[in-house]
Amino acid sequence: MVRREILYAMLEIEGPDPEVWAGPIFIHVPKAAGSSILATGVKSTPGHKPLSFYLRHRPKGVKMPVTFAVVRHPVDRYISAFYFLRGGGINPQDAHWAARHIPPEMDHNAFAERLAERPDYLRQLHLQPQAPMLTDGAGNIAVDHVLRIESLRADWPAFAEAHGLAPDLPEKNTGAAHPGGRPPPTTERCLEILRRVYAADFAKLGYTGESAAKTP
């Protein structure tokens, strides 16, 4: 874990690997098909760096490459992130955070109440809103291409061909969001909280409704 923290600190100081500027650059939003996209060999940086990281470190005289990201309905993404964390996440940091904040028997509806009371929980990487990762200094979505996970299989081949990427999108990290299969139905109270907590994602990414997550 210390080694990982040192790596991320060095990235903040030194910026991304120079080969990234050949583009296109993938802005890796957590819990939104990132593992599948990275498996195609696309340019990125370890971790989940926002667009602002690349804008900040772009070398003088180098034109900003094409950037793209994959986003997901805020409700579905929250549910996926919650059960991912409850199951231990992907590294010791995730597991430690989950052990402190998520009782083993808690479901996503109950945790939403905690999320409403503890906005600091949104600092957890997988629970962070998506929109801020894609914005410029003025708060506007500035990623060139924002793909949606809901239509990614249909949209990817043409996008990949246009940008010189591998046309096949492998399935990675596609385990069920809930260890027993589908999660319990999402309550109206949970949806109310998520609409408020992730208001910027709904507004700036154009998502509406409850998604399929409410159906058991």
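Residues numbered from 1 in each chain as written. Predicted model: local features only at pLDDT ≥ 70, side-chain atom pairs only at ≥ 80, totals over all residues. Heavy atoms only, no water.

## Here we look at the side chain of His28
Then comes step 1: Note on placement: His28 falls in the loop between strand E1 (25–27) and helix H2 (34–38).
Then comes step 2: What makes His28 buried here is its relative accessible area of 9%.
Then comes step 3: Aside from chain neighbours lying at most four places away, what touches His28 is Gly34, Ser35, Leu38, Gly47, His48, Lys49 and Met133. (Helix = DSSP H or I, 4+ residues; strand = E, 2+ residues; numbered from the N terminus. Buried < 20%, exposed > 50% of the residue type's maximum accessible area, 1.4 Å probe, protein only. Contact = heavy atoms within 4.5 Å.)

## As for helix H7 (residues 152–162)
Then comes step 1: Of the positions making up H7, those classed as buried are Leu152, Trp156, Phe159 and Ala160. Projected down its long axis, H7 carries its buried residues within an arc of 100 degrees, all on one side. Among the exposed residues of H7, those oriented more than 90 degrees off its buried face are Ala154, Ala158, Glu161 and Ala162.
Then comes step 2: Immediately downstream of H7, the backbone of Gly164 shows phi near 70 degrees, a positive value. (Arc of directions from axis to C-beta.)

## Regarding the packing of helix H6 (residues 108–117) against helix H8 (residues 188–197)
Then comes step 1: Contact geometry of H6 with H8 gives a least axis separation of 9 Å together with a crossing angle of 40 degrees. If you check the angle between H6 and H8, you find them oblique. Relative to H8, the crossing made by H6 is left-handed. Judged by residue contacts, His108, Asn109, Ala112, Glu113, Leu115 and Ala116 of H6 engage Arg189, Cys190, Ile193, Leu194, Arg196 and Val197 from H8. (Axes fitted to C-alpha atoms, helices over the stretch in contact; angles between N-to-C directions. Parallel < 35°, antiparallel > 145°, perpendicular 65-115°, else oblique. Left-handed = near helix turned anticlockwise from the far one by under 90°.)

## Some words on the confidence of the model for the protein chain
Then comes step 1: When pLDDT is averaged across the protein chain, the result is 89; 87% of the residues are at 70 or more.
Then comes step 2: The least confident element of the protein chain is helix H1 (residues 2–14), whose mean pLDDT is 54; the most confident is strand E3 (residues 145–148), at 98. (pLDDT = per-residue confidence, 0-100.)

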